[in-house]
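# Chains, contacts and geometry: an overview
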Amino acid sequence: MKTLKYLLPLSLGLSAYATSVVAHEDDDPLLTRVMVNQLETRNTDGNDPAVLEGEAWIGHDLHKLWVKIDAERVGGMTEELETQVLFSRAIAPFWDVQAGVRHDSKSGPGRTWGVISLQGLAPYEFDVSTALFVGDEGRTAARIHAEYELLFTQRLILTPEVEVNVYGQNDTQTGTGSGLSDVTAGLRLRYEIRREFAPYVGVNWERTFGNTADFARAMNETTHDTQFVLGLRAWF
């Protein structure tokens, strides 16, 4: 009887603990998502580039591991490839702070940066992402990206977006100059055949400024361009 006296509370305790664990797992399951924001071809005067801008994450409600990729291929060659691997923590409803590493692979030398960023949904439902980058030899950079979704119908959606990049010092090897470096603005109209699958058309405008524009002129490259785009947006 003495044994039963101690076993009964222990059994009840273990049962309660197991129920708590199962309930916790049900409340905060492991989630994954892959998002292809832009998979498109851009019409230019020369070779038309193919562009991929996407991201994937895995984790729970508050903590996630993110991978972000931004790539451009021209004539079968990768002209630019930016990869970020970030740990993300939710700090408020719809807002995450992220920290990790960014690596740039270009036709010139690669660059590796430490990253700290803040992304989320601002008032009036603007998707906003800001990031600070710190690299070797005192290199610094900052980026802000914002976009908005305007629903004409539940399936026909117009997305304006803008991105600004600023660098702390000149880097002649990669052709980036200190100060305001480049601005990109886009306007894409997509039709969601399914929520997970949406072809789109649009226009993309790019311009370099300051020393970055001077580097481009020295290389006989254009400092501004307007491109019509045709692409696909998907997630799963």
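Residues numbered from 1 in each chain as written. Predicted model: local features only at pLDDT ≥ 70, side-chain atom pairs only at ≥ 80, totals over all residues. Heavy atoms only, no water.

Attention shifts here to the overall build of the protein chain. Check the secondary structure of the protein chain and you find 2 helices and 13 strands. Residues counted as buried form 31% of the 236 residues belonging to the protein chain. For the protein chain, the proportion of contacts with a sequence separation of at least 24, taken over those separated by at least 6, is 41%. Within the structure as shown, the protein chain displays about 14,600 Å² of accessible surface, and the carbon and sulfur contribution to it stands at 62%. (Helix = DSSP H or I, 4+ residues; strand = E, 2+ residues; numbered from the N terminus. Buried < 20%, exposed > 50% of the residue type's maximum accessible area, 1.4 Å probe, protein only. Contact = heavy atoms within 4.5 Å. Areas by Shrake-Rupley, 256 points an atom, 1.4 Å probe, with all protein chains shown as cover.)

When pLDDT is averaged along the protein chain, the result is 89, and 89% of the positions lie at 70 or above. Confidence drops under a pLDDT of 50 for residues 1-23, and excluding neighbours within four residues, the segment shows 1 contact in the predicted structure. (pLDDT = per-residue confidence, 0-100.)

A separate point is the packing of aromatic side chains. Scanning the entire structure with this criterion turns up 4 aromatic pairs. A centroid spacing of 6.4 Å and a plane angle of 70° characterise the contact between Trp113 and Phe133, whose relative ring orientation is edge-to-face. Taken together, the positions of Trp113 in strand 6 (residues 111-122) and Phe133 in strand 7 (residues 126-135) put the pair 20 residues apart, joining distant regions of the chain. Across this residue pair, the class does not change: Trp113 and Phe133 are buried. Here the aromatic rings of Trp113 and Tyr167 are separated by 6.2 Å at their centres, their planes lie at 55°, and the arrangement is tilted. (Phe/Tyr/Trp six-rings, centres within 6.5 Å; stacked < 30°, edge-to-face > 60°.)

What follows concerns a nonpolar patch on the surface. A contiguous nonpolar patch, built from Leu30, Leu39, Leu52, Ile58, Leu65, Val67, Ile69, Leu81 and Val85 and spanning about 680 Å² of accessible area, is present on the exposed surface. The set of elements that each furnish at least two residues to the nonpolar patch consists of strand 2 (50-59), strand 3 (63-74) and strand 4 (77-92). In terms of residue count, the dominant contributor to the nonpolar patch is strand 3 (3 residues). Mapped onto the elements of the fold, Val67 is located in strand 3. Val67 sits in the partly exposed class, given a relative accessible area of 31%. (Patch = residues over 30% accessible without salt bridge, like charges linked within 9 Å, V, L, I, M, F, W, Y side chains within 5 Å. Salt bridge = Lys/Arg side-chain N within 4 Å of Asp/Glu carboxyl O.)

Working note: regular strand, side chains alternate between the two faces of the sheet. Pairing geometry for strand 1 (residues 31-43) and strand 2, over 10 bridges, is antiparallel. Counterpart to Leu31 in the pairing with strand 2 is Gly59. Counted between consecutive antiparallel strands, the loop separating strand 1 from strand 2 contains 6 residues. Here strand 1 runs beside strand 13 (residues 224-235); their pairing, made up of 7 bridges, is antiparallel. Paired with Arg42 across the two strands is Val229, which belongs to strand 13. (Pairing = 2+ DSSP bridges.)

Further remarks concern helix 2 (residues 210-218). For helix 2, the full list of buried residues reads Thr212, Ala213 and Ala216. Along helix 2, the residues classed as buried sweep out an arc of 100° about the axis, all on the same side. The elements touched by buried residues of helix 2 are strand 11 (179-191) and strand 12 (197-208). Two residues or fewer after helix 2 comes Asn220, characterised by a positive phi angle close to 60°. (Arc of directions from axis to C-beta.)

Looking at the secondary structure, you find Arg190 in strand 11. Of note is the side chain of Arg190, whose polar atom sits 3.0 Å from the side chain of Glu149. One polar contact links Arg190 to Thr159, side chain to side chain, over a distance of 3.2 Å. Ignoring any residue separated from it by four or fewer positions in sequence, one finds Arg190 in contact with Glu149, Arg155, Leu156, Ile157, Thr159, Ala198, Pro199, Tyr200 and Arg233. (Polar contact = N/O pair within 3.5 Å; in protein donor to acceptor, adjacent residues only side chain to side chain.)

This part takes up the environment of Ala122. Mapped onto the fold, Ala122 is located in strand 6. On a C-alpha basis, the gap between Ala122 and Ala146 in space is 9.5 Å, while along the polypeptide they are 24 residues apart. Beyond its immediate stretch of four places on either side in the chain, Ala122 contacts Trp95 and Val128.

Moving on, we come to the nonpolar core. Generally speaking, nonpolar side chains in soluble globular proteins are found buried as a group. Core analysis: the biggest nonpolar cluster contains 9 residues, these being Trp57, Trp66, Leu86, Trp113, Val115, Ala131, Phe133, Ala141 and Tyr167. The residues touching Trp113, leaving out its near neighbours within four places in the chain, are Gly100, Val101, Arg102, Asp104, Phe133, Val134, Gly135, Arg139, Thr140, Ala141 and Tyr167. (Core = buried A, V, L, I, M, F, W, Y, C linked by side-chain atoms within 4.5 Å.)

On to unusual backbone geometry, then. Positive phi, close to 70°, is recorded for Tyr124, a residue that is not glycine. By the element assignment, Tyr124 lies in the loop between strand 6 and strand 7. Residue classification places Tyr124 among the exposed positions, given a relative accessible area of 70%. Located in the positive-phi region is Glu125, a residue other than glycine, with phi close to 65°. Inspection of the secondary structure assignment puts Glu125 in the loop between strand 6 and strand 7.

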